[in-house]
Structure formats: structure tokens, C-alpha cells
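Take a look at the letters that make up each chain.
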Amino acid sequence: MATGTQAPARGRPRTITRERIVEAGIRMGLPGLTFVGVAGLLGVSHMALYKHVSSLGELRQMVAAEIFERWDIPKVGNDEYADLEGYLMAFTASLRNLVRTYPGLAPYLIRRAVATPAMMAKIDAHHRDVGRAFGIPQADVRQVLAMVAFHCIAVADTVYAAVDDPEGGPESNAEMEAEFELGMRTLIAGALLRLKDRMLSGCAAERSLDDGLTSAAR
């Protein structure tokens, strides 16, 4: 009777899914993201990962898009904000925190060329929600939000690299944060003045057109 030792059963190969890939990528962080590192976290070879993601650029874009999709943009329409200025301050505070929490994300938020269709759809939906909540034409609200978001992201990407530097003391960091918030408040005030001028000009042009049509009908 044979008494040989039975060979151990092989485990099932690990399944590589988009969800597992982006989770591993988020754990690694965008600045240090590598195929070998993500593959190691997944327990697979980097060649196996290449069958699902064609390049490091695509991998970075996948991770950035997922981070953006998970971002909970401050909601409008629930009377929490008295005016657009108050909402924009909350919006930029949330955006600043997003950039600080995920280093390396800023370029994917600023450059439309690398934004995925899902990212653009989320941005467009946000523009529509803000426009409806505050009674502002979508084209105008898009300009305001794009202007404010662009500068907020760009400054946050620079500021937080310095704020999180251990050599900078807490007093220096607090001062930088205060200056950042003041700068955003000033930018928002300017953007709203520009919006007001645009809307007033539009109303004046509309009244002029109505007057012209009325005169022509007489």
C-alpha cells in the first residue's frame, strides 16, 4: 500500500480587478506609484498587472480618477449656505483638504486633458447644482467655479508641500494656512464681483433688445 505524502493543493490565483488595483494604488500614493509596488500589494507579478493596465500613466490616471470620484463635494440646495460666497468658501476648504490628503493629485484636477469622462461628468453635475441653487446661468457659474478651483488647487499643491515639511514649525504653518484662506476669500470676492458685472451687463443687453423689438413692433 502506497504511503507517499500527498502534494499540497495549490491555492486559487488571486483575481486582479480594477477595484483592487486602485485600492493598492491609493495605498501607495501617487508620488511613489510603481507597477512593481502595486503588483506586490496585490500579490501578483508586475507582468500579470500589465495585462490589465497598459502603462504607468494609465495606472496613475485610474488612481487619480478614483480619488476624485470618492471626494464628497459640499452639497448645495439645502439652505445651509446663505449665499454663493459662503458656499465657495466651504467648497475651497474641501478642495484644499483633498489636495493635502492626496499628494500628486493636483495635476489631474487642473488639466482637463487628463481628466476622465467620469471626472468631467461629476464636474458638470456640480456646476448644474450650484447654478440651480443660486439662480446663476450655467455658463457663468462654470467660469466662477473653474477660476476659484484652479487657483485653489495650484496654491494648495505648493502650500501643503511646505506646510507638511517637518522643518517648518507649527507657527509658520498656521500663518501660511491663514494667508491661504485670506487669499481664497479675496479671490472669491473678486470672482463674485466679476460675475455680478457680467450678469448686470447681460440684463442691460436683454432690456436693450426688448426695447428694440418693442420699437420695431410699433
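Just so it is clear, the structure is predicted and the values come from calculations on it, not from any experiment.

Here we take up the overall build of the protein. Of regular secondary structure, the protein possesses nine helices and zero strands. Classification of the 218 residues of the protein by burial places 34% in the buried group. Put simply, of all contacts in the protein between residues at least 6 apart along the chain, 66% involve residues at least 24 apart.

Here the focus is helix H5 (residues 84-101). If you check H5, its first and last C-alpha atoms are 26 Å apart, about what 18 residues at 1.5 Å a residue would give, namely 26 Å. Listing the buried residues of H5 in full gives Leu84, Tyr87, Leu88, Met89, Phe91, Thr92, Ser94, Leu95, Arg96, Leu98 and Val99.

A few words on the packing of H5 against helix H7 (residues 117-134). Two numbers describe how H5 lies on H7: the axes approach to 11 Å, and their chain directions differ by 155°. Classed by the angle they form, the pair H5 and H7 counts as roughly antiparallel. Relative to H7, H5 is oriented so that their crossing is right-handed. Within the contact between the two elements, H5 uses Leu84, Tyr87 and Phe91 and H7 uses His126, Val130 and Phe134. Looking at the contact of H5 with H7 residue by residue, the class counts come to five nonpolar, one polar and no charged.

So, on to the side chain of Thr92. Mapped onto the secondary structure, Thr92 falls in helix H5. A distance of 3.0 Å separates a polar side-chain atom of Thr92 from the backbone oxygen of Met89. Setting aside its immediate chain neighbours within four residues, Thr92 contacts Val148, Cys152, Met184 and Ile188.

Calculation rules
Residues numbered from 1 in each chain as written. Predicted model: local features only at pLDDT ≥ 70, side-chain atom pairs only at ≥ 80, totals over all residues. Heavy atoms only, no water. Helix = DSSP H or I, 4+ residues; strand = E, 2+ residues; numbered from the N terminus. Buried < 20%, exposed > 50% of the residue type's maximum accessible area, 1.4 Å probe, protein only. Contact = heavy atoms within 4.5 Å. Expected span 1.5 Å × (residues − 1). Axes fitted to C-alpha atoms, helices over the stretch in contact; angles between N-to-C directions. Parallel < 35°, antiparallel > 145°, perpendicular 65-115°, else oblique. Left-handed = near helix turned anticlockwise from the far one by under 90°. Nonpolar A, V, L, I, M, F, W, Y, C, P; charged D, E, K, R; others polar. Polar contact = N/O pair within 3.5 Å; in protein donor to acceptor, adjacent residues only side chain to side chain.

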